[in-house]
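# Geometric and topological summary
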Amino acid sequence: MVDTVSPKPTACLALADGTVFYGHGFGATGRCVAELCFNTAMTGYQEIMTDPSYAGQIVTFTFPHIGNTGVTPEDDETADPVAAGMVVKWDPTLASNWRTTEELKSWLTRTGRIAIGGIDTRRLTRAIRQQGAPHVALEHNPDGIFDVEALVAQARGWPGLEGMDLAKDVTCAQSYRWDEMRWAWPDGYTRQEDPKHKVVAIDYGAKRNILRCLASAGCDVTVLPATATSEEVLAHQPDGVFLSNGPGDPAATGSYAVPMIKDILDQTDLPVFGICLGHQMLALALGAKTIKMNHGHHGANHPVKESGTGKVEITSMNHGFAVDAQSLPDGVEETHISLFDGSNCGIRMKDRPVYSVQHHPEASPGPQDSFYLFERFAEAMAARKA
């Protein structure tokens, strides 16, 4: 049964253009300021909230049933939620799932994340589509007292994601090893005990499921911080280098990431594989450009076409910036495109095993349409050693 909406609002969402939405607050109390995006996925709200790529963003969920499966630590993509806040149509109901260990509301309260329910998310989503991802201020106050002018002013004063390097905020503090593989019935998560390839993964905000996919593909994974140098990477004598997903403006993160990637490409013939922000970092290192999108791609039903085979994959996406396909230099070709808007979703060097994709093959909405990308990376490392 859906919670009824009380007449008194306890949360307020203010857009920079002065539009104000009132609703029911849940989770933590307080105020946050961020970019507002919408996500069309019908499942995976916990994975979305804990995806480091959502740093600096409040997520509007277009699917109304958010919270009905509760939360479980097994589904965290990182230790705590990273998205700044949550907007939903209906207040979360009590969880009903055998894996549940905690209710969504208490989880958000415990981890300091603000949420608002009772919002017309269709209207809000239309506004985002038409006007672009707005800057917003979200406040949860059980007393129902809001300084709307101050909220709007804060939203207008927020600098936005362009020019913002957020990878440094979500990357690991020090290097670590990873050997946990993908979840499988009935054993759950198991360990990779017979790895074939040594991989250094650069953490710009890496999701745990990406690291699990690398381990499942036969990789012994060492994760390094986003600011790692080429010397630090090569000191591990890897068979391949992986560039992870992450938040923020790729041009800002590229100020330190691009020189490292260029050094790897210039000094070695190592296979390189990137996802999401890692895809954008590789593109910048190869001489291409990135652009800010109107409202980005956020969802689990995005069709992507692989140019070489014509195969269409159903993918998960989460990005507000994209590689400008028109800027790709000679020797680099486009491998994947979005069938929603034709934007770039993949590149590769024509003469080397260096490639990347914009979508998230580890999220498995297809459910395994794109796992071949991890296997291709493993095959490239095997071929090089052979």
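So, how was this worked out
- Counting restarts for each chain: residues are numbered from 1 in the order of the written sequence.
- Where totals are concerned, whole chains, interfaces and linings use all residues; where local detail is concerned, this predicted model gives features only for residues with pLDDT of at least 70, and gives and counts side-chain atom pairs only at 80 or more.
- As a convention, hydrogens and water are excluded, and side-chain values are obtained from all of the structure's heavy atoms.
- UniProt positions are given in the numbering used here, feature names are shortened, and annotations may be inferred rather than shown by experiment.
- Starting at the N terminus, helices and strands are each numbered in turn, a helix being any DSSP run of H or I of at least four residues and a strand any DSSP run of E of at least two.
- Here the globule rule is a power law, 2.2 Å times the number of residues to the power 0.38, and the radius of gyration is based on C-alpha atoms.
- Partly exposed describes any residue whose relative accessible area lies between the buried limit of under 20% and the exposed limit of over 50%, with all areas from a 1.4 Å probe on protein chains only and scaled to the type maximum.
- Throughout, a residue-residue contact means that at least one pair of heavy atoms, one from each residue, lies within 4.5 Å.
- Under the convention used here, a 1.4 Å probe and the Shrake-Rupley method define accessible areas, while residue burial counts only the protein chains that appear.
- As used throughout, the charge tally considers Lys and Arg to be positive and Asp and Glu to be negative, leaving His and the chain termini uncounted.
- Every charge is mapped to an atom, namely NZ of Lys, CZ of Arg, CG of Asp or CD of Glu.
- The term nonpolar core refers to a set of buried residues drawn from Ala, Val, Leu, Ile, Met, Phe, Trp, Tyr and Cys, joined through side-chain atoms within 4.5 Å.
- Patch definition: residues above 30% relative accessible area lacking any salt bridge, with like charges linked at up to 9 Å and the nonpolar side chains Val, Leu, Ile, Met, Phe, Trp and Tyr linked at up to 5 Å.
- The term salt bridge refers to a side-chain nitrogen of Lys or Arg lying within 4 Å of a carboxyl oxygen of Asp or Glu.
- One requirement defines pairing of two strands: DSSP has to find at least two bridges between them.
- For helices, the fitted axis covers only the stretch in contact; all axes are lines through C-alpha atoms, and the angles between them, taken along N-to-C directions, range from 0 to 180 degrees.
- Side-chain rings of Phe, Tyr and Trp (the six-membered ring for Trp) are treated as a pair once their centres are within 6.5 Å; stacked means planes under 30 degrees apart, edge-to-face means over 60, and tilted covers the remaining angles.
- Cation placement over rings: the criterion is NZ of Lys or CZ of Arg within 6 Å of the ring centroid and within 35° of the ring normal.

If you check an unreviewed UniProt entry, the protein chain appears there as Carbamoyl phosphate synthase small chain from Tritonibacter scottomollicae. Its UniProt record gives the protein chain a comment under Sequence similarities (unreviewed entry), which states: "Belongs to the CarA family." According to the UniProt record, the Subunit (unreviewed entry) comment for the protein chain is "Composed of two chains; the small (or glutamine) chain promotes the hydrolysis of glutamine to ammonia, which is used by the large (or ammonia) chain to synthesize carbamoyl phosphate. Tetramer of heterodimers (alpha,beta)4."

The next subject is the overall build of the protein chain. Of the regular secondary structure elements, the protein chain holds 10 helices and 17 strands. Taking 21 Å as the expected radius of gyration for a compact globule of 386 residues, we find that the protein chain reaches 21 Å, a close match to that expectation. For the protein chain, the C-alpha atoms occupy an extent of roughly 70 × 45 × 40 Å along the three principal directions. Residue burial in the protein chain is summarised as follows: out of 386 residues, 57% are buried. The contacts in the protein chain between residues at least 6 apart in sequence include a share of 75% that link residues at least 24 apart. Accessible surface for the protein chain amounts to roughly 15,900 Å². Of this, 49% is attributable to carbon and sulfur atoms. Of the side-chain charges in the protein chain, 32 are positive and 47 negative, and the distance between the mean point of each set is 3 Å.

With that settled, consider the nonpolar core. Among the nonpolar cores identified, the biggest contains 33 residues, and I202, Y204, V233, I261 and L282 are the most heavily contacted of them. Those elements that provide at least two residues to this core are strand 9 (197-203), strand 11 (240-243), helix 8 (250-267), helix 9 (277-286) and strand 16 (344-349). The next biggest cluster of nonpolar side chains, apart from the first, holds 27 residues, and it includes C213, V221, F377 and M381.

A contiguous nonpolar patch, built from W98, W183 and W185 and spanning about 480 Å² of accessible area, is present on the exposed surface. Mapping W98 onto the fold places it in the loop between strand 5 (85-87) and helix 2 (104-111).

Within the structure shown, the criterion is met by 14 salt bridges. Note that K207 and E362 form a salt bridge whose closest N and O atoms lie 2.7 Å from each other. Pair noted here: K207 is in the loop between strand 9 and helix 6 (208-216) and E362 is in the loop between strand 17 (354-357) and helix 10 (372-385), with a separation of 155 residues, a long-range link. For K207, a relative accessible area of 6% corresponds to the buried category. In this structure, E306 engages R376 in a salt bridge whose closest nitrogen and oxygen atoms are separated by 3.2 Å. Here E306, found in strand 13 (residues 290-306), pairs with R376, found in helix 10; they are 70 residues apart in sequence, far enough to count as distant. Given a relative accessible area of 8%, E306 falls into the buried group. Among the charged side chains, a network of salt bridges with common partners joins E74, D75 and R99.

Now for the sheet that holds strand 5. In spatial order, the strands read 1-2-6-5-4-3-7; together these seven strands close into a barrel with mixed pairing. Along the sheet, successive strands turn relative to each other by an average axial angle of 35 degrees, direction set aside. As paired elements, strand 3 (residues 30-39) and strand 7 (residues 135-140) share six bridges and run antiparallel to each other. Note on strand 7: the bridge partner recorded for A34 is V136.

For the rest of this paragraph, the subject is the packing of aromatic side chains. On inspection of all chains with the given rule, the structure shows eight aromatic pairs. On the basis of an interplanar angle of 45 degrees and a centroid distance of 6.5 Å, the ring pair of W183 and W185 is categorised as tilted. Clustering of aromatic rings is evident, with ring pairs tying together F242, F273, Y355, F371, F374 and F377. It is R212 that lies over the ring of Y189; its NZ or CZ is 4.0 Å from the centre.

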